[in-house]
Amino acid sequence: MEKLKAERIFLSIAGKTIEFYFEPSEQEIIRDTLISTIYKIWGPSGFISKRSKRSDFRIRFSSDSPEILVRGDKYYYLDYKKVFAGKRVDTSYYLSLASLQFLLKDVISYIFEKEGFFLHGSSVLEKDKILRVFLAPTGGGKTTAASLLPSEFIKFSDDIILIRKVGKGWKFFSPPFIEKNHFPKRKGANKAEFYFLKKSVVGEKILLDRQDIILKKLISQIWLRGAISRKMLKLISEFIKDHKFYQLSFSLKSKLGKIM
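Worth saying up front: this structure is predicted, and the values here are computed from it rather than measured.

Chemist: Lay out the sheet that holds strand E11 (residues 154–157) in plain terms, naming residues and giving numbers.
Modeler: Spatially, the six strands line up as an open sheet ordered E11-E9-E10-E15-E18-E16, and their pairing is mixed. Lying at the two open borders of the sheet, with one neighbouring strand each, are E11 and strand E16 (204–208). Strand-to-strand twist of the sheet, defined as the mean angle between neighbouring strand axes without regard to direction, takes the value 30 degrees. Here five bridges tie E16 to strand E18 (residues 245–250), and the two strands are oriented antiparallel to one another. Looking at the pairing, Lys205 lines up with Leu248 of E18. The sheet contacts of helix H4 (residues 211–219) involve strand E10 (130–135), strand E15 (191–199), E16 and E18, and relative to E15 the element is tilted by about 85 degrees.

Here is the structure:
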């Protein structure tokens, strides 16, 4: 009988590496289906990298059954434990694709927590290589605003971007997640402007200069693993000082390309 072997897949995300480690398992069909799905989603997108000597985090998959949490007469199946101190988390081959994406978001947020964050926003990249990021609550018109731009504005992300401080500057990355009806595609940008959206009958762009107002608006659009820390607050404040933020009023008839 052929001896089963472990398999490793490496995701390269914003300069860091996350390792998927697949233990040998007699549940070959379930294991191979999960591995095949990962290659299908993150292979063509450019996120899968060659074998790495070192990874920043490991996600270990095994054939162990999910743990069960009993609360009264209710049973909860736990996909993984949110304990990342050892830069490793254990899960099983029974993890769904949706749960895997949420786990990835959690892990990425953890490994970048001292130097970056996820920002909810629809974004486009123009030929000038400046990323335009639209910010608004759910239903606030982020995707609509992006659709009103002319063809020279190329979609960068639908709903979220990863921001990382590198040296004295900042870099922006498309997320490794399925967004709405789109598979992920690895992209990056070095410059960005930010637009808080407001629906209006008049199209108008106003530069915001109140740091306290920008901070309050921005924090509401940042995906956090828990309560905001002092270090994260300092990082966000530095980020605000280094970038331009606008209030962008628009309607469905607005020609946003000219306003911006």
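Having put the structure on the table, let's press on.
Chemist: How would you sum up helix H2 (residues 97–111)? Please name residues and give values.
Modeler: Taking 1.5 Å per residue as the helical rise, H2 with its 15 residues ought to reach 21 Å, and the 21 Å between its terminal C-alpha atoms agrees with that figure. Within H2, twelve of the 15 residues are buried, which leaves it mostly tucked inside the rest of the structure. All of the buried residues along H2 are Ser99, Leu100, Gln101, Leu103, Leu104, Lys105, Asp106, Val107, Ile108, Ser109, Tyr110 and Ile111.

Chemist: Provide a residue-level description of the nonpolar core, including the pertinent values.
Modeler: Within the largest apolar cluster, 35 residues are counted, with the highest numbers of intra-cluster contacts made by Ile18, Phe20, Phe22, Phe57, Ile59 and Phe61. Every element with two or more residues in this core is listed here: strand E1 (7–13), strand E2 (16–22), helix H1 (28–42), strand E4 (57–62), H2 and strand E12 (160–166). Tallying contributions element by element places H2 first for this core, with seven residues. By size, the runner-up hydrophobic cluster in this structure holds 25 residues, among which are Phe156, Ile163, Ala189 and Leu218.

Chemist: Break down the packing of aromatic side chains for me, with residues and values.
Modeler: If you walk through the whole model with that rule in mind, you get 22 aromatic pairs. On the basis of an interplanar angle of 80 degrees and a centroid distance of 5.7 Å, the ring pair of Phe20 and Phe61 is categorised as edge-to-face. Here the residue Phe20 occupies a position in strand E2, and Phe61 occupies one in strand E4, the gap between them amounting to 41 residues. For the pair Phe20 and Phe61, one class covers both residues: buried. With a centroid separation of 6.1 Å and an interplanar angle of 55 degrees, the aromatic rings of Phe172 and Phe194 are classed as tilted.

Chemist: Explain the pairing of strand E8 (residues 116–120) to me, and be specific about the residues and the numbers.
Modeler: Of all five residues making up E8, four are buried, and the element is well covered by its neighbours. Relative to E12, E8 runs antiparallel, the two being bridged by five bridges. Paired with Phe118 across the bridge in E12 is Leu162. Judged from the two bridges that link them, E8 and strand E17 (residues 222–223) form a sheet pairing that is antiparallel. Bridge assignment links Leu119 to a residue of E17, and that residue is Ile222.

Chemist: Explain the packing of H4 against helix H5 (residues 230–241) residue by residue, including any values.
Modeler: For any two helices packed against each other, the geometry is given by the interaxial angle and the distance between the axes. Interhelical geometry of H4 versus H5 gives an angle of 120 degrees and a closest axis separation of 10 Å. Judged on the interaxial angle alone, H5 and H4 are oblique. Crossing hand, H4 versus H5: right-handed. Residue-level inspection shows Gln211, Ile214, Leu215, Leu218 and Ile219 of H4 in contact with H5, the latter providing Leu233, Ile236, Ser237, Phe239, Ile240 and Lys241. Considering only residue class, the contact of H4 with H5 consists of eight nonpolar, two polar and one charged.

Chemist: A description of the pattern of salt bridges should follow, citing residues and the corresponding values.
Modeler: Enumeration according to the criterion identifies 15 salt bridges in this entry. A salt bridge links Lys16 to Glu115; its shortest N-O distance comes to 3.2 Å. Of this pair, Lys16 sits in strand E2 while Glu115 is found in the loop between H2 and E8, placing the two residues 99 residues apart along the sequence. Here Lys16 falls in the buried class, since its relative accessible area comes to 13%. Between Asp90 and Arg88 there is a salt bridge, and its shortest N-O distance comes to 3.0 Å. Classification of Asp90 by relative accessible area gives partly exposed; the value is 34%.

Cut-offs and rules
Residues numbered from 1 in each chain as written. Predicted model: local features only at pLDDT ≥ 70, side-chain atom pairs only at ≥ 80, totals over all residues. Heavy atoms only, no water. Pairing = 2+ DSSP bridges. Helix = DSSP H or I, 4+ residues; strand = E, 2+ residues; numbered from the N terminus. Axes fitted to C-alpha atoms, helices over the stretch in contact; angles between N-to-C directions. Contact = heavy atoms within 4.5 Å. Expected span 1.5 Å × (residues − 1). Buried < 20%, exposed > 50% of the residue type's maximum accessible area, 1.4 Å probe, protein only. Core = buried A, V, L, I, M, F, W, Y, C linked by side-chain atoms within 4.5 Å. Phe/Tyr/Trp six-rings, centres within 6.5 Å; stacked < 30°, edge-to-face > 60°. Parallel < 35°, antiparallel > 145°, perpendicular 65-115°, else oblique. Left-handed = near helix turned anticlockwise from the far one by under 90°. Nonpolar A, V, L, I, M, F, W, Y, C, P; charged D, E, K, R; others polar. Salt bridge = Lys/Arg side-chain N within 4 Å of Asp/Glu carboxyl O.

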